[in-house]
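Overview (structure and organization)
Listed below are the residues making up each chain.
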Amino acid sequence: MKHAILTVAALAASLPSVAFGDDYDLDALRASTEKYKDVNVALAEGFIPDPSGHCVSAAHEGLPAEWGAMGIHYLRPDLLGIMQGTERVDGTGTHTDFNQPAILLYEPQADGSMELVGIENLVFEKAWMEAGNTEGPLLNGRPWDHMSDDPNTAADEAHGFMPHFDQHVWLFRENPSGELNPFNPNVTCDHHSG
C-alpha cells in the first residue's frame, strides 16, 4: 500500500498542473493592499500609470455602458515581465500573488486625485502555458478571464495586450456585478482628463 501511495504521489508531481488556483480571504487581502490608497506609495514601489493614458470603461471598449469601468491601470512592469519593442504589450509574467498585485485600479476624481478601487493580476498566456499549465489560473474557484483580440471585430478585446489571463478584484469599491468581475458599474471615467 505504501509503495502504491508513493507511486501515485510521484506520478501526480510529474504531471503538468491543470489549473493554478489560489483562495484568498478578501478582507485580509484588502488590509494587505490598503497602503496603495496613497498613489505615491504605489509610485515609490515601481507602479507606473498605463502608458496609453486610457481610463478603461466598458463603453470605450465597445461594450454596454451600464457595465461601468475599470479605471486607470497602474502597472508593475517587473511583475508583468513586460518586453519592449513589440506591437502589442507582451511579457513573460506569471505572477499570481494578490497580496502583491501587478496592477492597481484607480478611479480619477473631480479634484484630479486618484482613488484606489481595486487590484488586478495578469499572466501572459504563452508564458503561463510554457510554465507547464494547461488551463488558466483560478481565484477563489473562479477562472481568470481569458483575453485575446479577435481581428474580425472593431473592438480590441485584449486591450492592446497579447493573449493573457487576468483577474480583477474590487476591494475598495462595491461591485454589484460581483467582486471578481472585470467591469464595475460603480466606477466611472467621467473625471479622466487624459
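Residues numbered from 1 in each chain as written. Predicted model: local features only at pLDDT ≥ 70, side-chain atom pairs only at ≥ 80, totals over all residues. Heavy atoms only, no water.

**Structural notes on the layout of surface pockets**
To keep things clear, this is the line we draw: The pocket and cavity definitions rest on a 1 Å grid over protein atoms only: a 1.4 Å probe that fits but cannot leave marks a cavity, an open set with protein on both sides within 12 Å along at least five of seven lines marks a pocket, and residues lining either have an atom within 4 Å of a point. Grid points are joined across faces, edges and corners, and a volume is the space filled by probe spheres set on the points. By definition, any uninterrupted DSSP run of H or I lasting at least four residues is a helix, any uninterrupted run of E lasting at least two residues is a strand, and each is numbered from the N terminus. Under this grouping Gly is polar, as are all residues other than the nonpolar Ala, Val, Leu, Ile, Met, Phe, Trp, Tyr, Cys and Pro and the charged Asp, Glu, Lys and Arg.
If you add up the space inside the largest pocket, you get close to 530 Å³. Taken together, 27 residues form the lining of the largest pocket, with Asp50, Ser52, Val89, His159 and Phe161 sitting closest to its centre. At the level of elements, strand E4 (69-75), strand E8 (114-124) and strand E12 (164-169) are the ones that each hand at least two residues to the lining of the largest pocket. Residues that form the lining of the largest pocket fall into these classes: twelve nonpolar, ten polar and five charged.

**Topic: the nonpolar core**
Our working definition: In these notes, a set of buried Ala, Val, Leu, Ile, Met, Phe, Trp, Tyr and Cys residues joined through side-chain atoms within 4.5 Å is what counts as a nonpolar core. Relative accessibility under 20% of the residue-type maximum defines a buried residue, over 50% an exposed one, and the middle range a partly exposed one, all with a 1.4 Å probe and only protein chains included. Contacts between residues were defined by any pair of non-hydrogen atoms, one from each residue, lying within 4.5 Å.
Leu29, Phe98, Leu104, Tyr106 and Val169 are the most contacted members of the largest nonpolar core, which has 43 residues in total. Elements that contribute at least two residues to this core include exactly helix H2 (26-33), helix H3 (39-44), E4, helix H4 (77-80), strand E7 (103-108), E8, helix H5 (125-130) and E12. For this core, the leading source of residues is E8, giving six residues. For Leu29, the residues in contact, after removing those within four places along its chain, are Tyr24, Phe98, Asn99, Ile119, Val169 and Leu171.

**Thoughts on the pairing of E8**
Put simply, the rule is: Paired strands, in this sense, are two strands between which DSSP finds at least two bridges.
Most of E8 is tucked away: nine of the eleven residues are buried. Alignment of E7 against E8, held across six bridges, turns out to be antiparallel. Among the inter-strand pairings, Ile103 is bridged to a residue of E8, identified as Glu120. Note: E8 against E12, six bridges, orientation antiparallel. The partner of Phe124 across the bridge, within E12, is His164.

**Regarding unusual backbone geometry**
Not every positive phi belongs to a glycine, and Asn140 is a case in point at roughly 50 degrees. Counting through the fold element by element, Asn140 comes out in the loop between strand E9 (138-139) and strand E10 (142-143). For Asn140, a relative accessible area of 32% gives the class partly exposed.

As far as function goes, none of this settles anything; it's purely spatial.
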